[in-house]
Amino acid sequence: MAIYHKGLKHHEDRVAKRALADGDREFLRRLQHEMNTQDTAATADPRFWVIKGSEMCRDDNDPETFALRVSDGVAAENTEDTCKTLNADIMPDCDSDDRTDFQIEAEHGFSHEFVLRYKDEDGDDCFEYLDIDELNEFLDENGTDCEVFGQSKRSVVYPNTMFLTEKEAMEHLEANDYHYSKDAHTYCMTAWRSPDVERLWKILQEVEW
């Protein structure tokens, strides 16, 4: 069921009005030309542009990689760095009465995601296969304040991005790329079933300014 805002109210229009200036007309002419000549990107009018990229999100079912969270935040964001951080900073504190020298390795392509290597009380090299739940159980039993969790990449349309032309979207991305993912790019969308936007776009595209 859709959720509608109930507390939003109209208020008095306090914006000062003015006549259309020559600079406004020149801006509208340039905008109109760009809107009418840019590639349609196989997208229906009223089309607009946004910034699209990707982000890593938690995925415990079918993860692409594993990350490590410690008490003060995320310490590693991929499987390789997770194993390195565990071996350098966590595993040395996990010695038990009958096992020592713990090391963790990623085990790709199998139902168990990790290999735990250690020496037993006789000094022999041993190993155990662990899935992510078993690894976290081992870490918890050894008193460490950390968690290994799965992550996968998902596409995201960045909020607060909306451009009338691809040219402006590209200029924005080039000037502000540090706010976005490395694979961020301009992306064309349509204002689907939005009559007001459709009429405004026709005014911008068709009126002789």
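Structure first, text after, so check above.
Parameters at a glance
- Residues numbered from 1 in each chain as written.
- Predicted model: local features only at pLDDT ≥ 70, side-chain atom pairs only at ≥ 80, totals over all residues.
- Heavy atoms only, no water.
- Helix = DSSP H or I, 4+ residues; strand = E, 2+ residues; numbered from the N terminus.
- Rg over C-alpha atoms; globule rule 2.2 N^0.38 Å.
- Buried < 20%, exposed > 50% of the residue type's maximum accessible area, 1.4 Å probe, protein only.
- Contact = heavy atoms within 4.5 Å.
- Areas by Shrake-Rupley, 256 points an atom, 1.4 Å probe, with all protein chains shown as cover.
- Pairing = 2+ DSSP bridges.
- Salt bridge = Lys/Arg side-chain N within 4 Å of Asp/Glu carboxyl O.
- Disulfide = S-S within 2.5 Å.
- Axes fitted to C-alpha atoms, helices over the stretch in contact; angles between N-to-C directions.

Draft legend 1. Seen up close, the overall build of the protein. Per the secondary structure count, the protein includes five helices and eight strands. In sequence order, the protein lays out its α and β elements as α-β-β-β-α-β-β-β-α-β-α-β-α. Relative to its length of 209 residues, the protein is extended, with a C-alpha radius of gyration of 28 Å against a globular reference of 17 Å. Viewed in the frame of its principal axes, the protein has a C-alpha envelope of about 90 × 40 × 30 Å. Counting across all 209 residues of the protein, residues that qualify as buried make up 33%. Of the contacts formed within the protein by residues at least 6 apart in sequence, a portion of 60% connects residues at least 24 apart. When the accessible area of the protein is evaluated, it comes to approximately 14,800 Å², of which 48% is carbon and sulfur surface.

Draft legend 2. Spatial organisation of the pairing of strand 7 (residues 146-157). Alignment of strand 1 (residues 47-58) against strand 7, held across seven bridges, turns out to be antiparallel. If you follow lysine 52 over to strand 7, its bridge partner there is valine 157. Pairing of strand 2 (residues 65-70) with strand 7 involves six bridges; the strand directions are antiparallel. Of the residues in strand 7, the one forming a bridge with valine 70 is cysteine 146.

Draft legend 3. Here's a closer look at the pattern of salt bridges. Going through the model one piece at a time under the given rule, you end up with 16 salt bridges. Notably, a salt bridge pairs arginine 25 with aspartate 22, separated by 3.4 Å at the nearest N-O pair. Placement of both arginine 25 and aspartate 22 in helix 1 (residues 22-37) is noted, with a separation of three residues, approximately one turn of the helix. For aspartate 22, a relative accessible area of 61% corresponds to the exposed category. Ionic pairing is found between lysine 119 and aspartate 125, a salt bridge with its closest N-O pair at 2.7 Å. When salt bridges with common partners are traced through the structure, they connect Arg58, Asp60, Arg69 and Glu147 into a single cluster.

Draft legend 4. Representation of the state of the cysteines within the structure. Under the counting rule described, the total for this entry stands at zero disulfides. In this model cysteine 126 remains outside any disulfide bridge; the closest cysteine sulfur is found in cysteine 94, 17 Å from its own. Given the relative accessible area of 22%, cysteine 126 is considered partly exposed.

Draft legend 5. Here's a closer look at unusual backbone geometry. Look at the link from aspartate 45 to proline 46: it is a cis peptide, with omega at -5 degrees. Relative to the assigned elements, proline 46 resides in the loop between helix 1 and strand 1. Non-glycine residue aspartate 101 carries a positive phi angle of around 55 degrees. Among the structural elements, aspartate 101 can be located in strand 4 (residues 99-106).

Draft legend 6. Inspection of the sheet that holds strand 5 (residues 114-120) at higher detail. Spatially, three strands are ordered 4-5-6 in an open sheet, and the strand pairing comes out antiparallel. Since the sheet does not close on itself, it has two edges, and those belong to strand 4 and strand 6 (125-130), each with one partner. Averaged over all pairs of adjacent strands, the angle between their axes in this sheet comes to 25 degrees, without regard to strand direction. Packed onto the sheet, helix 2 (residues 79-90) meets strand 4 and strand 5 and runs at close to 170 degrees relative to strand 4. Contacting strand 4, strand 5 and strand 6, helix 3 (residues 132-141) runs over the sheet at an angle of about 125 degrees to strand 6.

Draft legend 7. A look at the sheet that holds strand 3 (residues 73-76). Taken in spatial order, the five strands of this open sheet run 3-2-7-1-8, and their pairing is antiparallel. Because the sheet does not close on itself, it has two edges, and the strands there are strand 3 and strand 8 (185-190). For this sheet the average axis-to-axis angle between neighbouring strands, irrespective of direction, equals 45 degrees.

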